[in-house]
Amino acid sequence: MQRLGGPALAALGILGLLSVFLILPIATVFVSAFSDARGQITLAHFAVFFQQPLMLESFYNSLYVALSASVAAALIAVPLAYLTVRFQFRGALLIQTLGVLPLIMPPFVGAVALQLIFGRSGSVNLILNDWFGVTLPLMEGLNGVIFVEALHYFPFILMNLTVSLRNIDGAMEEAALNLGARGWRLFIRIIFPLAMPGFVAGMALVFVKVFDDLGTPLVLGATNMLAPQAYLRITQVGMDDPMGYVISVMMIVFSIFAMWLSVRVLKGRDYSTLQKGGNALQQRQLSKGESILAYGWIGLIMLLVLSPHLGVLLLSFASVWSFAPLPDGYTLAHYATVFEQSPGMLSNTLLYCGLAAGIDVLLGTSIAYLILRTKLVARHWLDWIASAALAIPGLVLAIGYLRTFRGVLVPGTDVLFTATWFLIMIAYAIRRLPYALRSCMAALQQVHHSLEEAAASMGATRLRTVRRVMIPLMAGGMLAGFVTSFITAAVELSATMMLVTKESQAPMSYGIYLYMQSTSGRGPGAALGVLAIVAVALGTYASHWLVSRHQRLTQIHRPQG
Amino acid sequence: MKIRTCWYAALLAALTSLNLSAQTVTVITSFPKELTAAYKTAFEKTHPSITLEILNKNTVAGMAYLRELPVGQRPEVFWVSAPDAFEILAREKLLDSVVDLKNPKVPEKIGAFPVNDPQGFYLGQALAGYGIMYNTRYLKANKLGTPTEWQDLLAPAWFGHVGITAPSRSGTMHLTVETILQSDGWETGWNTLLRMSGNSAAVTERSFGVPDGVSNGQFGAGPVIDFFGLSAKYSGFPVEFIYPVQTAIVPANIGLISGAKNTAAGKQFIAFTLSQPGQEILLQPKVSRLPVLPYAELTGKVPAQYPDPQALAARSTVTFDNEKSSARYEIVLKLFDQTITFRLKELQAATKAIFEAERKLKGVTAGPKAEMLAQARALAYTPLVDQKQINDPAFLKIFSGNKKDPEVNKAISQFESDWNTRSKERYEQARELATKAAQ
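Parameters at a glance
- Residues numbered from 1 in each chain as written.
- Chains lettered and ligands numbered in written order.
- Predicted model: local features only at pLDDT ≥ 70, side-chain atom pairs only at ≥ 80, totals over all residues.
- Helix = DSSP H or I, 4+ residues; strand = E, 2+ residues; numbered from the N terminus.
- Rg over C-alpha atoms; globule rule 2.2 N^0.38 Å.
- Buried ≥ 20, exposed ≤ 12 C-beta atoms within 10 Å, placed from the backbone.
- Contact = placed C-beta atoms within 7 Å.
- Arc of directions from axis to C-beta.
- Core = buried A, V, L, I, M, F, W, Y, C linked by C-beta atoms within 7 Å.
- Domains from an automatic or database assignment.
- Expected span 1.5 Å × (residues − 1).
- Bend = angle between axes of the 7 residues up to and from the residue.
- Nonpolar A, V, L, I, M, F, W, Y, C, P; charged D, E, K, R; others polar.

1. Brief notes about the overall build of chain A
Each helix and strand counted, chain A has 24 helices and zero strands in total. In summary, chain A has a C-alpha radius of gyration of 24 Å against a globular reference of 24 Å for 561 residues, a match within 12%. Dimensions of chain A, computed from the C-alpha atoms along their principal axes, are close to 65 × 65 × 50 Å. A burial count over chain A gives 51% of its 561 residues as buried.

Given below as structure tokens:
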């Protein structure tokens, strides 16, 4: 009992936090979906949902798009991850950093930019039409959504899979090689299955993320999907419309089901490896032909992945860009406008997202530890509750906050709690917690139990074991969690829109959205987008650098062995 | 070290945000950043003791936000286009009277429409009309003529070149739809809307989607509110904006929120927006809105060939009926969404087949094929709610019930679901008939 005191206390603390900032607001949503005008419990709203062909069609479309986008994202990510880990390859770090770039752009900006490049009158189609008289309907309907989402979210798979691949024990591969497995067979039978935790975690994230993404379908005009329907109902009919809540509940339930499925798939198998920092996978040299093939593939994907960034970059310098492959002229005026009007937005983004990601890694590591390393009763509930945040549309969470903390003042002042930026930050932390949690879980799953037992038998206390053994071994996964939380929070918009109470506390994503509301604001909006991309890319690069430096340092101090 | 710095930064930011001076005016508005930024700069220059905070929300979200706030914690000023929003807020006792802030030089009426609220809860601050914005390069590349009236967008040549948005997403699109419905009559109006939508490449989900799409050349033309078209034009884009004869010029409004923190300072801002310097800001190229102050008061400031709202209102054939519009508000929104927004693919296919048949049957006015074509047109372009039904008070009443009541919710959903299913069937039938007629 004495030994369980610390973990139990930590579990209670986390539970308290999640109750106030997650369960309570969601409970509001559920109550609204299940109650009628007199506050009685009713199932009638759900019956209505299933009687509407449009709702069923939306449900089917959402499912189709989420599945297709996950598969398409995997097709992009798996070769990239494998190539960078498996082969001696110049610029692997560059690819890793480039692979993160799609995530740091708000999806709606990505969709706007892709319209400029691949849309009906985008550069590519204008040129194709000019030369060959054909156009590609890449951005039309559901296919457009799948295209944008796959390009936007494949880094989830890339990051998680890379970490998993890096953690595979080289001895496994050697054993397989000794037994005669080579090439494709080696990859399919040995390497890929060993990297499953990262792959499944990544796929599940992409699926759920696409399932409740709002910005992309809205910008592309694909309304017959669940998230747009919920959003349209709530913003257009108002907060009293039960259908919006019913759709939200459906989405919550289905997303939780998908997450549960991904856990189920991994259950009962052991993916942990004994060694770390010893032998990783062998890095091979590419032959000349392979090299050309690999660079060709990477080049093609990079071109696709970077096209929204290119679009935004061009737009930020364009004086006028209309029905032409390239802008008419170039100017720096948009950057001047941004620096003159909105200098605070950059620091706001760094502040909110830095704090939120910090909280996420702290909570994620704690929850992962409680689940995998303790026998606490009902500890899996923490995972389920935290993961449920994935399925909560930002808009709904924000509305829940505004209701729950209505009229509450910050102690000792006359400032409303809902008018502070604290809630924005907490909303980010809660909504992004599942990402950090998945990464921390995957990282901890790959640290073998015996390493801690070894530390304990050498006399290290539990806390010291965590600090000196587990955290260094998990650093890669924790960093991946931090970076994912940080950059996805930096582009979050739907909750931000509800919770920002004045422009001076607005982060960049909101600023970009604001500017993009008019033709003359597109330039400054794009300029702000470029600044956001640069800032977050620098941050990501710096944290990579910090960790690899840290690992080098610890390796130097480590006794030979 | 890093974490500690973060906490210090957070603490510092928290302290500075608490140390707000008493003189802050917060404005809820749906207007674009260029406009609000211009007003912020100008107002803070002439009123150095007051800080202007802008809170940008679309109209519906702004109202929802306001309702959640207790007295004493509310922003000072509400500033959006739609008059219905102010009507609702006034009914909910969220607005204070602003009669004493009127600028006496502003005329009482624009056309037949009052500029200021007769009850005195909101004032017209700018004027807005609706029309067609088009991209000159797109038109040239696709060999399309210059549109001048809504009817021009219905021609077969325009198939796939129009961009529209849904009235449920855009207050200004709703006003455009009502303008067409009120001037053509219910059934003819829907015929126009359905044919225009059949010619559309997409129904954009943001009200800005249409001007944005026309500006960057995704669409050839589309219905938009004037300042979107004018500001793009005066920012140098190859676009033009025209007012059809069927347009309505209505005021965009500003009002004082009751129970705000700094009511006196809020009043100063409203007065400023109506003053001569405040009205001149509207004429800046990136803003390009129509002032409520007559041009006689702004001589020398108005750009050449800038639209004159009084002349446009005099030319317009529509007298906008606010009551009629708000009585059927929900029905128009839902009917449009269920039969156009969510069924666009089928409507486009039907329209394409009808155009094809028209081309093949040129000159044929009788016989079974002509009849089939006429039938296809009727199936595709007749609204599912007819003239008689829309004037039936019992029918209107269903849609104004409390949606939390399962019975009400069920009844409305039944209509929505029925419209959705039937329109899909009818568009498919129309397509089949037209295809047969073309053989």
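2. A short note on the overall build of chain B
A tally of helices and strands in chain B yields 19 helices and 14 strands. Scaling as 2.2 N^0.38, a compact globule of 439 residues should have a C-alpha radius of gyration of about 22 Å, and chain B matches this with 24 Å. The buried share of chain B, taken over its 439 residues, is 51%. Sequence separation of 24 or more characterises 79% of the internal contacts of chain B that already satisfy a separation of 6 or more.

3. Digging into helix H3 (residues 59-68) of chain B
Here H3 of chain B has its buried residues at Thr59, Val60, Gly62, Met63 and Leu66 of chain B. Summarising the axial view, the buried residues of H3 of chain B lie within an arc of 160°, below the 170-degree limit, and thus occupy one face.

4. Observations concerning the nonpolar core
Grouped together as the largest cluster of nonpolar side chains are 173 residues, with contacts concentrated most on Ala77, Ile157 and Ala427 of chain A. With near-sequence residues (within four places) excluded, Ala77 of chain A lies in contact with Phe154, Ile157, Leu158 and Leu161 of chain A.

5. Here's the deal with the domain arrangement of chain B
Considered domain by domain, chain B is made up of domain 1 (20-127 + 251-315), domain 2 (130-247) and domain 3 (328-439). Between the C-alpha centres of domain 1 of chain B and domain 3 of chain B there is a distance of 39 Å.

6. Observations regarding helix H19 (residues 422-445) of chain A
Residues and elements named next belong to chain A. Under the 1.5 Å per step criterion, the end-to-end length of H19 is 33 Å for 24 residues, consistent within 8% with the ideal 34 Å. At Arg432, H19 shows its largest kink, close to 45°, and the proline Pro434 lies no more than four residues downstream. Burial analysis of H19 places 23 of its 24 residues in the buried class, the great majority of the element.

7. A look at the interface of chain A and chain B
Taken together, the contact pairs 56 residues of chain A with 63 residues of chain B. Those elements that provide at least two residues to the side of chain A that touches chain B are helix H2 (44-51), helix H3 (53-86), helix H5 (107-118), helix H12 (226-237), helix H16 (344-373) and helix H23 (508-515) of chain A. A breakdown of the residues in the side of chain A that touches chain B according to their chemical character gives 21 nonpolar, 28 polar and seven charged.

8. As for the environment of His334 of chain A
All names here are of chain A. With respect to the helices, strands and loops of the structure, His334 is situated in helix H15 (residues 333-341). Since 24 C-beta atoms lie within 10 Å of it, His334 is described here as buried. Along the chain, His334 and Phe317 lie 17 residues apart, while their C-alpha atoms are 7.1 Å from each other. Not counting chain neighbours up to four residues away, the residues in contact with His334 comprise Ser316, Gly523, Pro524, Ala526 and Ala527.

9. Describing the environment of Thr42 of chain A
Of note, Thr42 of chain A is situated in the loop between helix H1 (5-34) and H2. For the pair Thr42 of chain A and Val31 of chain A, spaced eleven residues apart in sequence, the C-alpha separation works out to 9.9 Å. In this structure Thr42 of chain A touches Phe34, Ser35 and Asp36 of chain A together with Pro406 of chain B, once residues within four positions along its chain are discounted.

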